[in-house]
Amino acid sequence: MLHITVDGQPRECAPGTLLEALDALGVTVPALCNDPRLAPVGACRTCIVEVEGCGRPVAACTTPLTEGMVVHTRTPLVEAQRRVLLRLLASEYPAEAMTRQPDKPFHRALREYGLEGELRGAHRPSLRDDSHPYIHVDMSQCIHCYRCVRICDEVQGQFVWRVWNRGAGTRILPDGPNLRESSCVSCGACVDTCPTGALEDRTLLDQGGPERWTRTTCPYCGVGCEMDVGTRGERIVTVRPSREGPSNQGHLCSKGRYAFGFGASPDRITVPLLRENGGWRRASWDEALGFIAQRLRNLRAVHGPDAVGMLGSARATNEDNYLAQKLARVVLGTNNVDCCARVCHAPSAAALKRMLGTGAATNSFEDIEHARTLLVAGSNTTECHPVVGARLKQAVLRGAKLIVIDSRRTELARYADVHLQPRAGTDMPLLNALAHVVVTEDLCDRAFLRERVEAVDDFRAFIAAWTPERAAELCGVDAAAIRQAARLYATHGPSMMVHGLGMTEHVQGTESVMALINLALLTGNLGGPGTGVNPMRGQNNVQGSAHMGCEPGHLTGYVPLEANRARFEAAWGAPVPVAPGLDLMGMMDAARQGRLKALWAFGYDVLLTNPEARATHEALERLELLVVQDLFLNETARAHGDVFLPACTSFEKDGTFMNGERRVQRVRRALPPAGESLPDWEILCRAARALGHSEGFAFQSPEEIWEEVRRVWPAGAGLSYARLEMRGLQWPCPDEAHPGTRLLHTHLFASGSRAALRRVDYRPSPEVRTDDHPFVLMTGRRLYQFNAGTMTLRTPHALLQPGDWLDMAPADAERLGLEDGARVRVCSRHGAVVLPMRRAEGLRPGELFTTFHTAEVFINAVIGPHRDGYTHTPDYKVTAVRVERAGKSPTASGGPTERSAPPATPGGRGTAE
Ligand code: SF4
């Protein structure tokens, strides 16, 4: 600590800049061009202070703190100079902005110095841009602090805002004809930093500033960004990034920042519904839960407990998911419990658990800043996990090396030192060839192999055959590029891997992750800062939902069921079923075969999301009871639901989420539940009681549930709400004195002192291209869309990226005579859909990409039955298809039909935001 004197008071401060010290001490001075997220520039000079011995005022933001410094922040000289600077800025600023907009730092400074009467600027229509659905631009209010330009460059790495012209003619403009048509990714960072309101959230202008702020965790992806939700009455009017958020460090992406309006959508269902005579009718909670209890009792009595299944949700809290699996096991008496991790990262968890002993990311997002080489495999991070994507870009801009493995030339691939672009479905040969180069060129970390790795000789013998030339033939990647990537990863460490669903949603998904782990083991890139194998979790609580036990073979803490049954029976005071459970895909098979009679699904649109839509439709059709617990009548409910239970959004309840780096973070209620909706945990408690199980389900709050989770999960025992209240913590965290664990496997693997290399050979996809089906289709998500469109489709994000469309390589489009926007029929061996196409750079000829966002297209009608051998995760990335120009009818041929139309928004709660 340094000792300084501020305005006559002796103070102690951590090293840093003088402005940081003043902030930490609570001494305020105006600082209009400063933002702690940005490098200080000292441009506006409103933060000037006098420092004894300096001779003239200095900008506090660019002055380093030194021992013994004597600082005066309010001398007549600095006050006079500040007033002159502010008066100059005020002379161009429109007076009405002071009253029209919520308070801004510039407004506060003007008021403090009594300059409100000197505002002589005017709003100039030519400087206004209303093109963007979320961001209002009025550069009449710009004071040229360049914070928008700098935050776009230094945090988001998008370089949208440009400075044009000089002197009085200086203008800040986007890199397109307007903001909407620029390269803006709508992260809102420029709005967040703008001190004058030149850039502003439209919701704030339309609805007024927030009356309350609530800190919570983003409801979208597994980055787990911490955010402050601003509410006015019973509406969210803005969301801002939390500066203290460990995974986002004061940043958000467009979804976290702006896609918050779905909960107020007019088609939100806020009362329980029962299917009757082909339609829906409103029911009370008691009636709906009584009906479910009666039906479940009957079905279990006739068909046994394993005729029932439960699906937890990666969009629900840990507490919700813990109760879902407990209800399945203790009340319904079945291990048929799973969650949507099955269709995304189950292979990551399985591979990491098998090889290293812990089914979770080995490192943390902050390791991106410690890595010298980053290997991004099958992850379009800048679109799917944009805040981490931005961190990756910034790391590369600072000098880190980047290797990208992706069948498409993604945005990150453009930053890469090496982009390996394998044919879809050929990751295994490529990963084995990388290992071959590491082994044969003696690039292994010998000490690490000697001390911590087993089966080395066996692996050497296996990998010898996987030459880059052999892989090159299979995956279409230049052998020299494979060698270059292997050398870079192995020799320019520490090297960190980040992987996504491009690795896992394959018939060899688990083995692909095992091959990544092989590379990390061979090169010693495990257990240290800037290393590791790190799955980018797709939804906010994918890690948590499975970890809480929504997994047929694992109990809370992702511990094997068999070995831990007795412990849980003792904790729960109830038997845990012995019969192995079915996973999500197994439940679909069993339902189709008539073995599964009832399914309870919450926070997951099974029909729209699962592959083989026709088979899913048949499975759901055969169920005798389907309970859907959600915000909306999703496609599953519309077509097949028998009971609809209205749940709360995460903005309407308390609890915790677990992000992709094992961090448990608080979810806090910012709004009251809409209508009669209830938090999932409360619905499940009431349901258990309706089924005659009061004991074990008498929870009054999520914290009480979490206390039970801590008792049954030793690695989470230290994660009390009181601690989480202050900051999210990463497990393992075995006691309340433990600081949490940023790095796994530092000295030992959770599986023991040594980890074994795995031989993983290549099994080609059964989806073979033929003359009849000459293309390969991959599916995934895009920047403004979040999986099945339950949430983002009900926000203005639907304007930014409307619907699903097919990306096709320009050469293919030309060959087929297709122009952008042409409607095409995509036919696989499993079904057909119709959607518009668009030429897209970055695809190999013969390969296609689209999303599964809308029921209008229902792309899963064409996806086939192939699954990962270990986890049954569907192969969404390789489907052989043909493409032909469609007729005028927009009807898709493969999508399921509606059993009956829902009534007009029963219980809907009004207007959209
Ligand atoms: Fe939310 Fe993920 Fe975006 Fe962060 S990166 S704001 S967690 S969607």
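What counts and how
- Residues numbered from 1 in each chain as written.
- Predicted model: local features only at pLDDT ≥ 70, side-chain atom pairs only at ≥ 80, totals over all residues.
- Heavy atoms only, no water.
- UniProt positions renumbered as here; feature names shortened; annotations may be inferred.
- Helix = DSSP H or I, 4+ residues; strand = E, 2+ residues; numbered from the N terminus.
- Rg over C-alpha atoms; globule rule 2.2 N^0.38 Å.
- Buried < 20%, exposed > 50% of the residue type's maximum accessible area, 1.4 Å probe, protein only.
- Contact = heavy atoms within 4.5 Å.
- Areas by Shrake-Rupley, 256 points an atom, 1.4 Å probe, with all protein chains shown as cover.
- Lys, Arg positive; Asp, Glu negative; His and termini not counted.
- Charge placed at Lys NZ, Arg CZ, Asp CG, Glu CD.
- Pairing = 2+ DSSP bridges.
- Axes fitted to C-alpha atoms, helices over the stretch in contact; angles between N-to-C directions.
- Domains from an automatic or database assignment.
- Salt bridge = Lys/Arg side-chain N within 4 Å of Asp/Glu carboxyl O.

The name given to the protein in an unreviewed UniProt entry is Formate dehydrogenase subunit alpha, with the source organism recorded as Myxococcus xanthus. Among the UniProt annotations of the protein, the heading Sequence similarities (unreviewed entry) holds the following wording: "In the C-terminal section; belongs to the prokaryotic molybdopterin-containing oxidoreductase family."

When you go through the protein residue by residue, the secondary structure sums to 32 helices and 38 strands. A compact globule built from 913 residues would reach a C-alpha radius of gyration of about 29 Å, and the protein, at 28 Å, matches this within 12%. Projected onto its principal axes, the C-alpha coordinates of the protein cover approximately 85 × 70 × 65 Å. The buried share of the protein, taken over its 913 residues, is 64%. Within the protein, counting contacts between residues at least 6 apart in sequence, those at least 24 apart form 73% of the total. Working note: accessible area of the protein is about 31,300 Å², and carbon and sulfur atoms make up 51% of it. In the protein, which carries 103 positive and 104 negative side-chain charges, the distance between the mean positions of the two groups comes to 1 Å.

If you trace the 6 strands once around the closed barrel, you get E33-E37-E34-E36-E35-E38, paired in mixed fashion. Each adjacent strand pair in this sheet contributes to an overall mean axis angle of 45°, direction not counted. As judged from the 2 bridges shared by strand E34 (residues 806-808) and strand E37 (residues 847-851), these two strands associate in the antiparallel manner. Its bridge partner being in E37, methionine 808 is matched across the sheet by leucine 848.

Another point: the domain arrangement of the protein. Along its sequence, the protein is organised into domain 1 (2-88), domain 2 (346-535) and domain 3 (775-885). Placing the centre of domain 1 and that of domain 2 at their C-alpha centroids yields a distance of 46 Å.

We now examine the pairing of strand E1 (residues 2-6). Residues of E1 alternate between two faces, with Leu2, Ile4 and Val6 buried on one and His3 and Thr5 left unburied on the opposite face. The pairing of E1 with strand E2 (residues 9-13) spans 5 bridges and is antiparallel. What sits directly across from valine 6, in E2, is glutamine 9. Taking the residues that link successive antiparallel strands as the turn, the E1-E2 hairpin has 2 residues, and the phi of aspartate 7 there is positive, at about 50°. Looking at chain direction, E1 and strand E5 (residues 70-72) are connected through 2 bridges and run parallel. Following the sheet pairing, threonine 5 is matched in E5 by valine 70.

What follows is about the UniProt feature "domain: 4Fe-4S Mo/W bis-MGD-type" (unreviewed entry) in the protein. Summarizing the sequence annotation, UniProt attributes the feature "domain: 4Fe-4S Mo/W bis-MGD-type" (unreviewed entry) to residues 211-267 in the numbering used throughout. The annotated region residues 211-267 carries 9% helix and 35% strand content, and the separation between its end C-alpha atoms amounts to 26 Å.

Under the definition given, this model contains 60 salt bridges. A salt bridge links aspartate 103 to arginine 111; the nearest nitrogen and oxygen atoms lie 2.5 Å apart. Taking relative accessible area as the criterion, aspartate 103 reaches 39% and is therefore assigned partly exposed. Here arginine 668 makes a salt bridge to glutamate 725, at a shortest N to O gap of 2.9 Å. Placement of the pair is arginine 668 in the loop between strand E30 (663-667) and helix H28 (680-690) and glutamate 725 in helix H30 (residues 721-726), with a sequence separation of 57 residues. Taking relative accessible area as the criterion, glutamate 725 reaches 41% and is therefore assigned partly exposed. Several salt bridges converge on common partners, so that one network encompasses Asp35, Arg37, Lys104, Asp192, Glu200, Asp201, Arg240, Arg243 and Arg257.

Now for the sheet that holds E30. With antiparallel pairing, 3 strands are arranged side by side in an open sheet as E29-E30-E31. The sheet is open, and its two edges are formed by strand E29 (655-658) and strand E31 (729-730), each paired on a single side. Here E30 runs beside E31; their pairing, made up of 2 bridges, is antiparallel. Within E31, the position partnered with arginine 663 by the bridge is glutamine 730. Here helix H10 (residues 318-331) sits on the sheet and contacts E29 and E30; the angle it forms with E29, its principal contact strand, is near 90°.

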